[in-house]
Each structure stands twice: as structure tokens, then as C-alpha cells.
Amino acid sequence: ALGKPTEQIDGWNPERAVDGNTGTYTHSASSTGYVWWIVHLGVVINIEYIKIYNRFDCCRERLNGAVVEIISHEGQVVATSPPITGSPANVEFQFGGVEGSHVRVSLYDSILSLAQVEVYGA
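Let us look at the structure shown here. (Residues numbered from 1 in each chain as written. Predicted model: local features only at pLDDT ≥ 70, side-chain atom pairs only at ≥ 80, totals over all residues. Heavy atoms only, no water.)

**Thoughts on the overall build of the protein chain**
No. 1: Along the protein chain, the regular secondary structure elements total zero helices and six strands.
No. 2: Expected size for 122 residues packed as a compact globule is a radius of gyration near 14 Å; at 13 Å, the protein chain falls within 12% of this value.
No. 3: A principal-axis box enclosing the C-alpha atoms of the protein chain has dimensions of 35 × 25 × 25 Å.
No. 4: Each of the 122 residues in the protein chain was classed as buried or not, and the buried ones make up 47%.
No. 5: The long-range share in the protein chain, meaning contacts at least 24 apart out of those at least 6 apart in sequence, stands at 71%. (Helix = DSSP H or I, 4+ residues; strand = E, 2+ residues; numbered from the N terminus. Rg over C-alpha atoms; globule rule 2.2 N^0.38 Å. Buried < 20%, exposed > 50% of the residue type's maximum accessible area, 1.4 Å probe, protein only. Contact = heavy atoms within 4.5 Å.)

In C-alpha cells:
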């Protein structure tokens, strides 16, 4: 996902989650309702696993409860991770080759901050 186009519900710097630097962060402004960040991979790939890096300067609890979703070219959610629990430095989810063209990280009723999102597949 390095350098691919990104969006988020609102806030600042969604592109920082794919800039290759775990010392930069995204930050949503919203903290109520459905809060999300998405990367557009540009092609359909078989996604083996996704690694999420939490910010390390503060606010690590902001990933608690977030889920990672793989979205098809048609816009359908085709796989969803279990919720992230606690405040891990990073977390990895295995998807076993699920086809997708977008990856979304979302949660409810909290600010969302991400350091990096890495998508591995072929």
C-alpha cells in the first residue's frame, strides 16, 4: 500500500499511513459514530496479511476496537478482522489470499490514528 491513494472520514493526513514512516500519523477529527480510513490499492490483489502500526508517541488506545476490512473491486466487504484489543504497538491479521482492491480500518465512537498500514499479497 506504500504511496497508494488514501481517504478518511475527516481530520488530517490520511496519506501518512502509507508513507513508509512509522513516526508519522493519521488523525481523524471525528470521535463519534462510524470513523474510517481507507487505502485504494489500484488493482485487485490476493491479500495474505495486513499489518497495522500504532502510533508510539501517545494515544495508543485509539486503535482499541478497530477492525480491518478488505473491500472488493465492486465495493463489497469480503473479509473483516476481529477487533483490535488493547493498545498494541502493531498487529497483524492473516487473510489467506482474499481478493480485494481496498483496505479499510474503522471503528465506532473514537478518534482513529494510524502510523502505518502495510498490505501484503500478490
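Let us keep going from here.
**A short note on the packing of aromatic side chains**
No. 1: Overall, the coordinates contain three aromatic pairs when judged by the stated rule.
No. 2: Ring centres of Tyr25 and Phe56 lie 6.1 Å apart, and the angle between their planes is 75°; on these two criteria the pair is classed as edge-to-face. Linking Tyr25 in the loop between β1 (6–8) and β2 (34–53) with Phe56 in the loop between β2 and β3 (67–71), this pair joins segments that are 31 residues apart in sequence.
No. 3: Between Tyr49 and Tyr120 the ring centres are 4.4 Å apart and the planes differ by 15°, which places this aromatic pair in the stacked class. Of this pair, Tyr49 sits in strand β2 while Tyr120 sits in strand β6 (residues 116–121), and the two are 71 residues apart along the sequence. (Phe/Tyr/Trp six-rings, centres within 6.5 Å; stacked < 30°, edge-to-face > 60°.)

**Overview of the state of the cysteines**
No. 1: Summed over all chains, the structure comprises one disulfide.
No. 2: The residue that forms a disulfide with Cys58 is Cys59, at a sulfur-sulfur distance of 2.3 Å. The sign of the -70° torsion about the S-S bond sets the Cys58-Cys59 disulfide as left-handed.
No. 3: Overall, the relative accessible area of 18% leaves Cys59 in the buried class. (Disulfide = S-S within 2.5 Å.)

**Quick word on the pairing of β2**
No. 1: Note that β1 and β2 share three bridges and pair antiparallel. The partner of Glu7 across the bridge, within β2, is Ile38.
No. 2: In this structure, β2 lies alongside strand β5 (residues 90–108), joined through 15 bridges in antiparallel fashion. Bridged to Tyr53 within β5 is Asn90.
No. 3: Pairing of β2 with β6, which is carried by six bridges, proceeds in the antiparallel orientation. Looking at the pairing, Tyr49 lines up with Tyr120 of β6. (Pairing = 2+ DSSP bridges.)

**Things to note about unusual backbone geometry**
No. 1: If you check the backbone angles, Cys59 has positive phi at about 60° while not being a glycine.
No. 2: In the Ramachandran plot, Asp109 falls in the positive-phi region, its phi being about 60° despite a non-glycine side chain.
No. 3: Accessibility expressed as a relative area gives 54% for Asp109, which makes it exposed.

**Thoughts on the side chain of Thr6**
No. 1: Looking at the element boundaries, Thr6 is found in strand β1.
No. 2: A polar contact of 3.4 Å, which involves the side chain of Thr6, links it to the backbone oxygen of Pro14.
No. 3: Within polar-contact distance, the side chain of Thr6 engages the backbone nitrogen of Glu15 at 3.1 Å.
No. 4: The contact partners of Thr6, leaving out residues within four places of it in the chain, are Pro14, Glu15, Val18, Trp37, Ile38 and Val39. (Polar contact = N/O pair within 3.5 Å; in protein donor to acceptor, adjacent residues only side chain to side chain.)

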